[in-house]
Amino acid sequence: MHSIPSLQGSVSPEEWQLRCDLAACYRLVALYGWSDLVFTHISAKLPESVSGTEHQFLINPYGLMFDEITASSLIKVDMQCNKLHDSPFPVNPAGFVIHSAVHEARPEAGCVLHTHTRAGVAVSAQKGGVLPISQQSTFVLGSLAYHAYEGVAFRDEEKPRLQADLGEANFLMLRNHGLLTVGKTIADAFLSMYTFENTCRIQIDAQAGGELIAVDPRIVSGVAQAMRVQTGGLGGAFAWPALLRKAQREAPGFDH
């Protein structure tokens, strides 16, 4: 991947930082085992102060594994997923349908992260969805929505229904499909997905081990209220520097 010329110096410092953070996010998703070959996407919105418009995004070059993605290989696109600069790689407009729907409905969303993990799809196929059986689940249940499966999500006509189902939630369970998180920042979206994924893994493991103990509904509702009051996300900025150090150790080269 180092044959791609570095864009550092060719883009604004703000865009370069966003590119480095998003490339690190792709590498971390691979490190944690959440990737699905070259499928699924993580999109990051360029601030209007950088792009001059509300509708420019960074997304992965389609066909690269997540552990190959670098800051310079990320592609800038518009709301229709048209490339806004030259790149030797294609983009996947069909894969951007879900992301563009979320970005359109939630202008404050700086990052949308979508996965097809084994545990996430397993829980998405369960009628009861996320159960209140772990501390992790209480954070998810505080801001969780569901969207029914309509087939592979490449049709624009599905967007209004997905947007209506998402509402103001930051966690979206795509039934029979996977998980999605919305964050003000890349760090927030990643930490939310870490919590969402672990919620699902814990649930599948717990269901294999006998009768479950549910968390008191008053505790769950208390967490939901606290999350509504809290506007700064889930504290992604606190964990992100350590996650960047992990990416530098275990997946170096993302910031090229």
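Note that the structure is a prediction, hence the values are computed from the model and not measured.

Scoring rules and cut-offs
Residues numbered from 1 in each chain as written. Predicted model: local features only at pLDDT ≥ 70, side-chain atom pairs only at ≥ 80, totals over all residues. Heavy atoms only, no water. Salt bridge = Lys/Arg side-chain N within 4 Å of Asp/Glu carboxyl O. Helix = DSSP H or I, 4+ residues; strand = E, 2+ residues; numbered from the N terminus. Buried < 20%, exposed > 50% of the residue type's maximum accessible area, 1.4 Å probe, protein only. Axes fitted to C-alpha atoms, helices over the stretch in contact; angles between N-to-C directions. Parallel < 35°, antiparallel > 145°, perpendicular 65-115°, else oblique. Left-handed = near helix turned anticlockwise from the far one by under 90°. Contact = heavy atoms within 4.5 Å. Nonpolar A, V, L, I, M, F, W, Y, C, P; charged D, E, K, R; others polar. Arc of directions from axis to C-beta. Pairing = 2+ DSSP bridges.

A. Region of interest: the pattern of salt bridges. Taken as a whole, this structure holds 10 salt bridges when the rule is applied. Salt-bridge contacts for glutamate 15 lead to lysine 76; the nearest nitrogen and oxygen are separated by 3.0 Å. Pair noted here: glutamate 15 is in helix H1 (residues 13-31) and lysine 76 is in strand E3 (residues 75-77), with a separation of 61 residues, a long-range link. Exposure class is identical for glutamate 15 and lysine 76. Each is buried. Glutamate 157 is the partner of arginine 155 in a salt bridge, and the nearest nitrogen-oxygen pair spans 3.9 Å. Three or more residues are tied together by salt bridges with common partners; here these are Glu15, Arg19 and Lys76.

B. Representation of the environment of leucine 180 within the structure. Secondary-structure assignment places leucine 180 in strand E7 (residues 178-183). Residues leucine 180 and proline 160, 20 residues apart in the sequence, show an inter-C-alpha distance of 16 Å.

C. The arrangement of the packing of helix H3 (residues 96-105) against helix H6 (residues 159-166) in detail. Contact geometry for H3 and H6: axes closest at 9 Å, N-to-C directions at 55°. On the basis of their axis angle, the class for H3 and H6 is oblique. By crossing handedness, the relation of H3 to H6 is classed as right-handed. For the pair formed by H3 and H6, the contact residues are Val97, Ile98, Ser100, Ala101, Val102, Glu104 and Ala105 on the first element and Lys159, Leu162, Gln163 and Leu166 on the second. For the contact of H3 with H6, the per-class residue count stands at seven nonpolar, two polar and two charged.

D. Local environment of H6. Within the span of H6, buried status applies to Lys159, Leu162, Gln163 and Leu166. End-on, the buried residues of H6 take up no more than an arc of 100°, which puts them together on one face. In H6, those exposed residues whose orientation departs by more than 90 degrees from the buried face are Pro160 and Ala164. Turning to H6, the residues buried within the fold contact H3, strand E5 (144-147), strand E6 (171-174) and E7. Phi turns positive one or two residues past the end of H6, at glycine 167, with a value near 55°.

E. Representation of the sheet that holds strand E1 (residues 42-45). Pairing in this open sheet of seven strands is mixed, and the strands run E3-E2-E1-E4-E7-E6-E5 from one edge to the other. This sheet does not close on itself; its edge strands, each paired only once, are E3 and E5. Each neighbouring strand pair of the sheet contributes to a mean axis angle of 20°, computed without reference to strand direction. Relative to E6, E5 runs parallel, the two sharing four bridges. For tyrosine 146, the partnering residue across the bridge sits in E6 and is methionine 173. On the sheet, H1 packs against E1, strand E2 (57-59), E3 and strand E4 (111-115) and is oriented at approximately 160° with respect to E1. Those strands touched by H3 are E1, E2, E3, E4, E6 and E7, and its axis lies near 145° from that of E4.

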